[in-house]
Amino acid sequence: MAVTSVKSENPSKGIQEPAANDVVQQFEPLKPLAGPKIIVIGSGPVGMRFVEDVLKRKQNANITMFGGEGTQPYNRIQLSSLLAGEAKYEDILNTLPDEQRHTGFQHIPANVEVVFSKEKYVVDQQGNRYDYDKLVFATGSRPHVPDIPGVDQTGVYTFRNLKDAEALSARIWRSRHIVVVGGGLLGLEAARALTRFNTKVTLIQQGPWLMNRQLDEKAATLLKNSIENKGIEVITESGVRNILGEGRVTGVVTRDKTEIECDTVLLCAGIKPNMELARDANIKVANAIMVDDQLQTSEPNVFAIGECCEHRGLTYGLVNPGFEQAAVAANVIANGSASYLGSLEVSRLKVAGEYVCSMGPIDNLPKRPFQSEYTYTNKKAGIYRKIVLYKGRIYAATGFGEWPESRRIQEAYQQGRRVYPWQVLRFILTGTIWGVGSSNNIKTWSAETHVCQCKGVSLGELTVHMEQGATSVAALQDKTQAGTVCGSCKPLLQELVGDTTPMEKDSTWGSLLGFSVVALAIACLILYLPAAQVADSVFDQGWYEMIWNDHFYKQVTGFTLLGLSVIGLLMSMQKRLSFNWLGQYKYLRVLHVFLGLACAGVLLLHTGMHLGENLNFYLMADFLGVIILGSLAAGVVAISHHMKAKQAMKLRSFWRWLHVLITWPLPILLAFHVLSVYYY
Ligand SMILES: Cc1cc2nc3c(=O)[nH]c(=O)nc-3n(C[C@H](O)[C@H](O)[C@H](O)COP(=O)(O)OP(=O)(O)OC[C@H]3O[C@@H](n4cnc5c(N)ncnc54)[C@H](O)[C@@H]3O)c2cc1C
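To keep things clear, this report deals only with the structure shown in the data block. Keep in mind it's a predicted model, so treat the numbers as computed, not measured. (Residues numbered from 1 in each chain as written. Predicted model: local features only at pLDDT ≥ 70, side-chain atom pairs only at ≥ 80, totals over all residues. Heavy atoms only, no water.)

## Some thoughts on the sheet that holds strand β24 (residues 383–390)
Step number 1: Reading across the sheet, the five strands line up as β21-β22-β25-β24-β23 and stay open at both edges, with antiparallel pairing between neighbours. Where the open sheet ends on each side, the last strands, each with one partner, are β21 (346–351) and β23 (371–378). The mean inter-strand angle of the sheet, taken between neighbouring strand axes irrespective of direction, is 15°.
Step number 2: With seven bridges joining them, β24 and strand β25 (residues 393–400) adopt antiparallel strand pairing. Paired with Val-388 across the two strands is Ala-396, which belongs to β25.
Step number 3: Those strands touched by helix α8 (residues 406–415) are β21, β22 (354–359) and β25, and its axis lies near 160° from that of β21.
Step number 4: Packing against the sheet, helix α9 (residues 421–430) makes contact with β23 and β24, and its axis sits at approximately 30° to β23. (Pairing = 2+ DSSP bridges. Helix = DSSP H or I, 4+ residues; strand = E, 2+ residues; numbered from the N terminus. Axes fitted to C-alpha atoms, helices over the stretch in contact; angles between N-to-C directions. Contact = heavy atoms within 4.5 Å.)

Next up, the structure:
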């Protein structure tokens, strides 16, 4: 019997015509159902997303979704919160599409037992037959149960669905020691949730470190430390070889033959795609149901999405790839031309209360030319970040701890955006690629994020003071000292308190502007004026020519230049080295710009505007670059009060970083120059 999709069908009773007083009758006459008859097997997150995508296109699409768990669909990802007691059953339920609005939709909480793909119908667990035009497998997966001796005893659990969560919730009341097998995302989440009643938990991971597919060793070590601080014992590079007990678990034996006493074993050792239903319908399977770029299986009009499908040899164990597949399948079924080319491996997760982030093949990074890795570590804040660039674009990234830029990095990774050398430099020094001010709205940052790097003031600290009445920039500066050193975070403070006035005029702006303009002019003179001519005979030399020709004067100007450069370089590190005792930052900044001006003058005397050759040419080019970009950076600071705070901050940051970047080769080039003059 073919099922017509009418509102009042009762799954447990098969097909019924709507009763005269059925709720359907209280609404406008039903619109004819649109499009093909679609059946979705599986009401997990991916099946649900597919249904939503179809209904967004056609409100009255003819679509029936089967859910084999016999419950209202729920958010599987939140099962660990349920187990930990942080969420209630009602909190994790997914809202089904409104059947009054979407008159062609129905949810049948039953298992599909057989698929007849040639005849195009399915039969559910009650033996009811449902015809389809398009069939979508979204059957997900189930836990992989490793073949360990003793695995079938009472006290061995898995964690995948609501029933598992309920069984485990009941178990933790009685359990004294639980061994969790598997140090991936699921094992870690479960381990954290199981400590709820001070139950002893030991986590055993076969791989070399925790989450070894997503994290590198350093990030995993930080995660391990954090997990251990929560009272969970972690054993890596081991595995359970034997589960002890006589019908009831009494312990486990690890790979190195250590015996651990326990009464419960939780297996979180991977997943197995639910593909048997498809295989029995003669649909091609390998490790999962095989699909092409349109998510079509080997059978026409049959699709597979989510954890049950294998696309180009890959099956994903995360929810986002499934969502992407759902969108493509919905498009294809609506006669669209979308293709699925695979998902990038991205996980930005909160695991056992800690933020971890992973993009790209972290566990399998090739070694090749044009690939480089950069890391940033802040031990105090418990932060570790790593980016891997290939030909200047993000190829992979991993990290532990808050990473406010991770969303933007994900976008750059997915779009293949270029990361420029100065951004790499900034990442190495500060852990941000685009600078603190550029990553979205400050109010969305995490409480631990440092707003003022100079004084180490976090957003959380500032928020506390704001709650206590410090609602202006001046009040926040007074309470926390934030923004009182270099002032570059002042626009952030302004943003925080909702102050939209332009930046305040700095009392030193005139000197900054004056010095920078003169320094810039000297640098341009050196660049554009012809080099001073050397007289043919010493007798014809003017007195001034001695300055760049006489060995003694050359040494004087040379060493002066060297001294000024060293002081300038040290001063530029003032923020990093916290030389606050030298005086107020704004005066030091003026002094720094003045030194730049002095350098420009002495450079003119030392070289006589000769640009030099080979190494000397590079040194000269770099020196001039440092002066020009430094002058521009200082100029922007000087005129910041004419700009909006955020715009000023961006410009200041941009020019400052260019100046810093070009300064890097200077010490090396200077060292070579001195060596070449005195050694050769
Ligand atoms: C505790 C936990 C935490 C997780 N945390 C994260 C996370 O933080 N981030 C992340 O990306 N992923 C996470 N995951 C993984 C994520 O839940 C899965 O990637 C996602 O659920 C896959 O969705 P799916 O719809 O393909 O499959 P499933 O969620 O497995 O849904 C498939 C559904 O189909 C049903 N079904 C199967 N066969 C039939 C049949 N014959 N008839 C009818 N119905 C059938 C099943 O009963 C099931 O309800 C977590 C998983 C767990 C268990």
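## Overview of the sheet that holds strand β16 (residues 264–267)
Step number 1: Spatial strand order, β9-β16-β10-β11-β12: five strands in an open sheet with parallel pairing. Looking along the sheet, the strands with just one partner apiece sit at the ends: β9 (156–158) and β12 (232–235). Adjacent strand axes in the sheet meet at a mean angle of 20° when their direction is disregarded.
Step number 2: Judged from the three bridges that link them, β9 and β16 form a sheet pairing that is parallel. Pairing of Thr-158 across the sheet is with Leu-267, part of β16.
Step number 3: Along the sheet face, helix α3 (residues 162–174) touches β9, β10 (177–181) and β16 and points at about 140° away from the line of β9.

## Structural notes on a nonpolar patch on the surface
Step number 1: Where nonpolar side chains cluster on the molecular surface, the patch consists of Met-546, Phe-552, Tyr-553 and Val-556 and spans about 360 Å² of accessible area.
Step number 2: If you trace the backbone, Val-556 turns up in helix α15 (residues 551–572). (Patch = residues over 30% accessible without salt bridge, like charges linked within 9 Å, V, L, I, M, F, W, Y side chains within 5 Å. Areas by Shrake-Rupley, 256 points an atom, 1.4 Å probe, with all protein chains shown as cover. Salt bridge = Lys/Arg side-chain N within 4 Å of Asp/Glu carboxyl O.)

## Structural notes on the side chain of Asp-164
Step number 1: Summarising the element assignment, Asp-164 is placed in helix α3.
Step number 2: Notably, Asp-164 is buried but unbridged: the nearest opposite-charge side chain belongs to Arg-76, and the N-O separation is 7.2 Å.
Step number 3: With near-sequence residues (within four places) excluded, Asp-164 lies in contact with Thr-158 and Phe-159. (Buried < 20%, exposed > 50% of the residue type's maximum accessible area, 1.4 Å probe, protein only. Lys, Arg positive; Asp, Glu negative; His and termini not counted.)

## Describing unusual backbone geometry
Step number 1: With a phi close to 65°, Asn-301 is a non-glycine residue in the positive phi region.
Step number 2: Within the element layout of this structure, Asn-301 appears in the loop between β18 (289–291) and β19 (302–304).
Step number 3: Judged by relative accessible area, Asn-301 falls into the partly exposed class, the value being 22%.

## Remarks on the pattern of salt bridges
Step number 1: All chains considered together, the criterion is met by 14 salt bridges.
Step number 2: A salt bridge links Glu-69 to Arg-76; the shortest N-O distance between them is 2.9 Å.
Step number 3: A salt bridge links Lys-224 to Glu-228; the shortest N-O distance between them is 3.5 Å. One end of the pair, Lys-224, and the other, Glu-228, are both in helix α5 (residues 217–229), four residues apart, so they sit about a helical turn from each other.
Step number 4: A residue is classified by how much of its surface remains accessible, and Glu-228, at 33% relative accessible area, is partly exposed.
Step number 5: Connected via shared salt-bridge partners are Asp-216, Glu-373 and Lys-386.

## Re the nonpolar core
Step number 1: Counting residues in hydrophobic clusters, the biggest one holds 48 residues, and the most contacted among them are Phe-50, Val-115 and Phe-137.
Step number 2: With residues near it in sequence (within four places) discarded, Phe-137 still touches Ile-41, Val-115, Leu-277, Ala-278, Ile-283, Ile-289, Val-302, Phe-303, Ala-304, Ile-305 and Cys-308.
Step number 3: Core analysis: the next-biggest nonpolar cluster, separate from the first, contains 38 residues, Leu-188, Leu-194, Leu-210 and Ile-227 among them. (Core = buried A, V, L, I, M, F, W, Y, C linked by side-chain atoms within 4.5 Å.)

## A short note on the site of the ligand
Step number 1: Not every one of the 32 residues close to the ligand is listed here, only the nearest: Gly-68, Glu-69, Arg-76, Arg-160 and Glu-307.
Step number 2: In this structure, a nitrogen atom belonging to the ligand sits 3.0 Å away from a side-chain N or O atom of Asn-111.
Step number 3: Separating an oxygen atom of the ligand from a side-chain N or O atom of Glu-307 is a distance of 2.5 Å.
Step number 4: Relative to its free-state accessible area of 990 Å², the ligand is covered by the protein chains to the extent of 90%.
Step number 5: Going through the elements one at a time, α1 (45–57) and α4 (185–194) are the ones with two or more residues in the shell around the ligand.
Step number 6: Broken down by element, the residue count for the shell around the ligand peaks at three residues, all from α1. (Near = heavy atom within 4 Å. Polar contact = N/O pair within 3.5 Å; in protein donor to acceptor, adjacent residues only side chain to side chain.)

## Description of the packing of helix α11 (residues 473–480) against helix α12 (residues 490–497)
Step number 1: Following both chains from N to C, one finds α11 and α12 inclined at 115°, their axes separated by 9 Å at the closest point. Of the two elements, α11 crosses α12, and the hand of that crossing is right-handed. Touching Val-473, Leu-476 and Gln-477 of α11 are Lys-490, Leu-493, Gln-494, Leu-496 and Val-497, all from α12.
Step number 2: Here the residues of the contact of α11 with α12 are counted per class, giving five nonpolar, two polar and one charged. (Left-handed = near helix turned anticlockwise from the far one by under 90°. Nonpolar A, V, L, I, M, F, W, Y, C, P; charged D, E, K, R; others polar.)

## Considerations on the pairing of strand β4 (residues 112–116)
Step number 1: Across four bridges, the pairing between β4 and strand β5 (residues 121–124) is antiparallel. The residue bridging Val-114 from the neighbouring strand is Val-123, located in β5.
Step number 2: What sits between the antiparallel neighbours β4 and β5 is a turn of four residues, in which Lys-120 has the positive phi angle 60°.

## Some details on helix α13 (residues 509–528)
Step number 1: Over its 20 residues, α13 runs 28 Å from end to end, which matches the ideal 28 Å to within 8%, given 1.5 Å per residue.
Step number 2: Of the residues making up α13, those classed as buried are Leu-512, Ser-516, Ala-519, Ile-522, Ala-523 and Ile-526. For α13, the angular spread of buried residues about the axis comes to 125°, placing them on one side.
Step number 3: Summarising the contacts, the buried residues of α13 are in contact with α17 (585–607) and α18 (614–638). (Expected span 1.5 Å × (residues − 1). Arc of directions from axis to C-beta.)

## Considering the packing of aromatic side chains
How two aromatic rings sit relative to each other is given by the distance of their centres and the angle of their planes.
Step number 1: Summed over the entire model, instances satisfying the criterion amount to ten aromatic pairs.
Step number 2: Seen from their ring centres, Phe-116 and Tyr-121 are 4.6 Å apart, and the 25° between their planes marks the pair as stacked.
Step number 3: By relative accessible area, Tyr-121 is classed as buried at 14%.
Step number 4: The positively charged end of Arg-368 is found above the aromatic ring belonging to Tyr-395, 4.5 Å away from the centroid. (Phe/Tyr/Trp six-rings, centres within 6.5 Å; stacked < 30°, edge-to-face > 60°. Lys NZ or Arg CZ within 6 Å of the ring centre and 35° of its normal.)

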